[in-house]
Amino acid sequence: MDKKIKSYQSVITGVGASLPKSIVTNKDLTMRIDTSEEWIVNRTGIEERRIASDDETTSSLGAEASKIAIKNAQIENSEIDLIILATATPDNTFPASATLIQSSLGIDKCYAYDIQAVCSGFVFALEAADNAIKAGNVKNALVIGSETFSRILDWEDRGTCVLFGDGAGAVVLSSKEGTERGILSNHLHSDGRYADLLYVDGGPSTSSKVGFLKMDGQGVFKHAVKNLSAVIEEALEYNNLSVDDIDWFIPHQANIRILESVAKKVGLSQDKIIITVQKHANTSAASIPLALFDAVQEDKIKKGDLVLLEAMGGGFSWGSTLIRW
Ligand code: ACO
């Protein structure tokens, strides 16, 4: 592309999603572990989640979501210049699962890599793709969040296994000139001092096992409300906006009580929040694009709307993306 033309905006031109076929309800879980439907719904808002079967992987779900996003963007697979996959559950340690998705899509020219920022991964990936577009290096980027957290859950630990689900969402981010639409700001943060509040106790450099997710639920809850409220306020201040100017909030779907506490703290109206945690549970990096897909399918977001994405996850890592739709 012609790099002499200077001002590029990154506009979402297509959204896609893919979920595993198997639905696991809270009632199903009561038959496996010592829990109740009431406890799960009251503490988390989750009613059901999708769980991947053996032949459904992070890359296969990501590839399906990508095909839908590319179709909705009305471009050909070959027009994708960059693929970034946000995931904490890649098919294998390497190669990057993004390259497996690339191969499934029959693309051999673009570059592709994974980003690992756990539940914040999708906003981290959007920022990287936005920078590549604004630098004039990329015309169309495929940004995917895909996870199979069911594979790293300890199904004996009722404190964590009820919280997560599997799935994938994807967007095509396209370079446009002469528009006020697109990504207006990205704000990303990490603080590794809290790594032991949410982690997986295994991995190639420390052990021979994949490991299980471990979490201090109350510690995570407290930091999530503080960090997410702060990152929303940071985005508003940077863009000289008030909370009432935002048309839609699409948060990472961890837990309804986190969403409600953040909404109360920053004074945002509940009817502007896209909520899908009841049917997807926490799908980590996939949760924002899955929620975005639902909002687009339901025709909620109109051209010109201000849409704020925000997420927080292990690390800790957290961030926001503000988009003029
Ligand atoms: N079913 C029934 N009882 C349970 C279950 C369960 N699935 N899990 C825990 N309990 C019990 C505990 O054993 C405990 O029993 P006790 O009082 O007899 O000891 C009781 O419930 C209360 O346990 P707490 O851990 O104190 O429950 P809490 O009110 O903190 O709720 C929860 C737990 C839902 C995990 C909450 O802390 C939370 O939402 N934390 C945020 C975690 C999160 O969202 N993580 C996602 C990753 S990070 C992110 O995406 C932002």
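In what follows, the structure referred to is the one given above.
Residues numbered from 1 in each chain as written. Predicted model: local features only at pLDDT ≥ 70, side-chain atom pairs only at ≥ 80, totals over all residues. Heavy atoms only, no water.

Draft legend 1. Structural detail: the packing of aromatic side chains. In total, this model carries three aromatic pairs according to the counting rule given. Between Tyr 111 and Tyr 113 the ring centres are 6.3 Å apart and the planes differ by 20°, which places this aromatic pair in the stacked class. The exposure class assigned to Tyr 111 is partly exposed, which follows from its relative accessible area of 41%. Positioned above the aromatic ring of Trp 155 is the side chain of Arg 32, whose terminal nitrogen or guanidinium carbon lies 4.6 Å from the ring centre. (Phe/Tyr/Trp six-rings, centres within 6.5 Å; stacked < 30°, edge-to-face > 60°. Buried < 20%, exposed > 50% of the residue type's maximum accessible area, 1.4 Å probe, protein only. Lys NZ or Arg CZ within 6 Å of the ring centre and 35° of its normal.)

Draft legend 2. Representation of the packing of helix α7 (residues 217-238) against helix α8 (residues 256-266) within the structure. Where α7 contacts α8, the axes come no closer than 9 Å and their chain directions differ by 45°. In terms of their interaxial angle, α7 and α8 are classed as oblique. The handedness of the crossing between α7 and α8 is right-handed. From α7, Phe 221, Ala 224, Val 225, Lys 226, Leu 228, Ser 229, Ile 232 and Glu 233 reach across to α8, where they touch Arg 257, Ile 258, Ser 261, Val 262, Lys 265 and Val 266. Partitioning the contact of α7 with α8 into residue classes produces eight nonpolar, two polar and four charged. (Axes fitted to C-alpha atoms, helices over the stretch in contact; angles between N-to-C directions. Helix = DSSP H or I, 4+ residues; strand = E, 2+ residues; numbered from the N terminus. Parallel < 35°, antiparallel > 145°, perpendicular 65-115°, else oblique. Left-handed = near helix turned anticlockwise from the far one by under 90°. Contact = heavy atoms within 4.5 Å. Nonpolar A, V, L, I, M, F, W, Y, C, P; charged D, E, K, R; others polar.)

Draft legend 3. Broad picture of the site of the ligand. Taken together, 22 residues are adjacent to the ligand, and Thr 35, Arg 43, Gln 218, His 252 and Asn 255 come closest. For the ligand, an oxygen atom lies 2.7 Å from a polar atom in the side chain of Gln 218. His 252 places a side-chain nitrogen or oxygen 2.8 Å from an oxygen atom of the ligand. Look at the ligand: alone it shows 1,000 Å² of surface, and the protein chains cover 73% of it. Those elements that provide at least two residues to the shell around the ligand are α2 (37-44), α6 (158-161), α7 and α8. Per-element tally for the shell around the ligand: the top contributor is α7, with four residues. In terms of residue class, the shell around the ligand is made up of 11 nonpolar, eight polar and three charged. (Near = heavy atom within 4 Å. Polar contact = N/O pair within 3.5 Å; in protein donor to acceptor, adjacent residues only side chain to side chain. Areas by Shrake-Rupley, 256 points an atom, 1.4 Å probe, with all protein chains shown as cover.)

Draft legend 4. Structural context of the pairing of strand β11 (residues 248-251). Of the two faces of β11, the one carrying Trp 248 and Ile 250 and the one carrying Phe 249 and Pro 251 are both buried. Looking at chain direction, β11 and strand β12 (residues 306-313) are connected through four bridges and run parallel. Across the sheet, residue Trp 248 finds its bridge partner in β12, namely Val 307. (Pairing = 2+ DSSP bridges.)

Draft legend 5. Examining the sheet that holds β11 more closely. Taken together, the four strands give an open sheet; going across it, the order is β8-β13-β12-β11, and neighbouring strands pair in mixed fashion. Two strands close off the open sheet at either side, each with one partner strand: β8 (182-190) and β11. Between one strand axis and the next, the sheet turns by 15° as a mean value, whatever way the strands run. Strand direction decides the pairing type here: β12 and strand β13 (residues 317-324), joined by eight bridges, are antiparallel. Pairing of Gly 313 across the sheet is with Ser 317, part of β13. Of the strands in this sheet, β8, β12 and β13 touch helix α5 (residues 121-134), which is tilted by about 130° from β8.

Draft legend 6. Seen up close, empty space enclosed by the protein. Across all of its chains, the model carries two cavities of 30 Å³ or more by this definition. Space inside the largest cavity adds up to approximately 40 Å³. Taken together, Ile 232, Phe 249, Pro 251, Leu 259, Val 262, Leu 268, Ile 273 and Glu 310 form the lining of the largest cavity. Residues that form the lining of the largest cavity fall into these classes: seven nonpolar, no polar and one charged. Val 11, Ile 12, Arg 181, Gly 182, Ile 323, Arg 324 and Trp 325 are the residues that line the second largest cavity. For the lining of the second largest cavity, the secondary-structure elements that each account for two or more residues are β1 (9-18) and β13. Its residues assigned to classes, the lining of the second largest cavity shows four nonpolar, one polar and two charged. (1 Å grid on protein atoms, 1.4 Å probe; cavity = no way out; pocket = protein on both sides within 12 Å on 5 of 7 lines; lining within 4 Å. Points joined across faces, edges and corners; volume = space filled by probe spheres on them.)

So, to be careful, I would describe these as geometric facts and stop short of saying anything about function.
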